[in-house]
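For reference, the chains in residue letters:
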Amino acid sequence: MTGHTRNIMMKSISVIMLVVMMSIIAACSSGKKSGTAYSVYYLNEDGSALTERKIYIESSDSQTIAAELLDKMNVAKGRHTSIIKPSSVSQPYVEFNGIYANVYFDSSYYGMKDNTEVMYRAAVVRELSQISDVVYVRFYVDGKDAVYKDGTNIGNMSAEDFVDTQEGDMADVQWKTINLYFANKSGDALVKNSQRICYNKNVSVEKVVVEQLIKGTSETGCYQSIPSSTKLLSISVVDRICYVNFSQEFATDMVNAKSNITIYSIVNSLAGLDGIDGVKIMVKGNSNLMYRDVISLDTVFYMNNELVNKDATDN
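Thresholds, definitions, all that
Residues numbered from 1 in each chain as written. Predicted model: local features only at pLDDT ≥ 70, side-chain atom pairs only at ≥ 80, totals over all residues. Heavy atoms only, no water. Core = buried A, V, L, I, M, F, W, Y, C linked by side-chain atoms within 4.5 Å. Buried < 20%, exposed > 50% of the residue type's maximum accessible area, 1.4 Å probe, protein only. Helix = DSSP H or I, 4+ residues; strand = E, 2+ residues; numbered from the N terminus. Contact = heavy atoms within 4.5 Å. Pairing = 2+ DSSP bridges. Salt bridge = Lys/Arg side-chain N within 4 Å of Asp/Glu carboxyl O. Axes fitted to C-alpha atoms, helices over the stretch in contact; angles between N-to-C directions. Phe/Tyr/Trp six-rings, centres within 6.5 Å; stacked < 30°, edge-to-face > 60°.

Participant: Outline the nonpolar core, listing residues and values.
Facilitator: Core analysis: the biggest nonpolar cluster contains 41 residues, and Phe 250, Ile 263, Ile 266, Leu 270 and Ile 281 have the highest contact counts within it. Elements with a contribution of two residues or more to this core: strand E7 (173–183), strand E8 (190–200), helix H4 (205–215), strand E10 (241–246), helix H6 (259–271) and strand E11 (278–283). Here Phe 250 is in contact with Ile 226, Pro 227, Thr 230, Thr 262, Ile 263, Ile 266, Ile 281, Val 283 and Tyr 291, once residues within four sequence places are set aside. Counting residues in hydrophobic clusters, the runner-up holds 37 residues, among them Tyr 42, Leu 43, Leu 128 and Ile 131.

Participant: Break down the pairing of E11 for me, with residues and values.
Facilitator: Look at any regular strand and the pattern is simple: side chains alternate between the two faces of the sheet. The element E11 is extensively covered by neighbouring structure, given that 6 of its 6 residues are classed as buried. Sheet topology note: the E10/E11 ladder contains 6 bridges and is parallel. Looking at the pairing, Asn 245 lines up with Met 282 of E11. Pairing of E11 with strand E14 (residues 301–302), which is carried by 2 bridges, proceeds in the antiparallel orientation. Directly across from Gly 278, in E14, lies its bridge partner Tyr 302.

Participant: Can you explain the pairing of strand E3 (residues 93–97)? Please cite residues and give values.
Facilitator: Here E3 pairs with strand E4 (residues 100–105) via 5 bridges, running antiparallel. Paired with Val 94 across the bridge in E4 is Val 103.

Participant: So what's going on with the environment of Lys 258? Residues and values would help.
Facilitator: Mapped onto the elements of the fold, Lys 258 is located in the loop between helix H5 (249–252) and H6. Considering only alpha carbons, one finds Lys 258 and Ala 189, 69 residues apart in sequence, at a separation of 8.4 Å. Excluding anything up to four places from it in sequence, Lys 258 contacts Gly 187, Asp 188 and Arg 292.

Participant: Please give an account of the pattern of salt bridges that cites residues and values.
Facilitator: In a structure, side chains of opposite charge can pair up when their charged atoms sit close to one another. The tally for this structure, following the rule as stated, stands at 7 salt bridges. Across the salt bridge formed by Glu 211 and Lys 207, the nearest N and O atoms sit 2.4 Å from each other. With Glu 211 and Lys 207 both in helix H4, this residue pair falls 4 residues apart, about one helical turn. Residue Glu 211 is classed as partly exposed on the basis of its relative accessible area of 36%. Residue Lys 207 is classed as partly exposed on the basis of its relative accessible area of 31%.

Participant: I'd like a description of the sheet that holds E10, backed by residues and values.
Facilitator: Spatial strand order, E9-E10-E11-E14: 4 strands in an open sheet with mixed pairing. Of all strands in the sheet, those with a lone pairing partner are strand E9 (232–238) and E14, marking the two edges. Lying over the sheet, H4 contacts E9 and E10, oriented at roughly 140° with respect to E9.

Participant: Residue-level account of the packing of aromatic side chains, with values.
Facilitator: For the structure on display, the rule yields 11 aromatic pairs. With 5.1 Å between their ring centres and 50° between their planes, Phe 105 and Phe 139 make a pair best called tilted. Within this pair, whereas Phe 105 is found in strand E4, its partner Phe 139 is found in strand E5 (residues 136–141), the two being separated by 34 residues in sequence. Taken together, a centroid distance of 5.0 Å and an interplanar angle of 20° make the contact between Phe 250 and Tyr 291 stacked. With a gap of 41 residues between them, Phe 250 in helix H5 and Tyr 291 in strand E12 (residues 290–291) connect regions that are remote in the sequence. You can call Phe 250 buried: its relative accessible area is 0%.

Here it is in structure tokens:
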């Protein structure tokens, strides 16, 4: 091999090595990570709110994703974050059933302090709700539905059920048990459904109630009573009368419930609250109309227990 040929080969090798090194540097500097991004939640520095960290998971298997998310919650990074779940609480496992993620704990779950339990539950629900197809998360303790301190079932939860605990202090969070009235399967009777809700105390409970009715429920035996396309334009209470103002969809869009069931779904749910005796319903600010050409809205409605299905299970 001549010296000239050797020089050419050395230059070629040098160029190849330079290209490889530049490719490695470019890949590293790009900051791109493989996999799908998910949020994992921790407590902030003073323990009053949630803070999130992004992780990347390559697997598309729901079981694997859930296990990794819950495991990562036990490893806090940085001086300004801390782990939510106390070490005394056993690690849960998750099973998936269609749109449901069922989370199973042992009795150590009930050993958490109230504020810690709320934060941990909010974090787990938000994390698992990121997984494809998951709409609701439900907690179980020792094989039974997890309950609040008053014995009420916690039930199905979604990420939207919790106030933005990344921005709001726990002092702003309020819990309340409310009675919501939904339609039965045939739409000719009301079914009472007790729910324990978490909401920001700067938001009126009557607004939360109506929004929950519009959202609907997955509880057995309860069916949508208000079109889900309906928007709540405003709500206020004056002299113990609650004024509810809906968008046009309330009057035009259909739901599988008789006219009086839709009306009294709203009325009974609101009239059961402290400080409210009657309900006035409007559509775009107008009450001078006939709902579905059957019921005049130009009146104040009061609680009607005769429409409630007494045989239905109160969840």
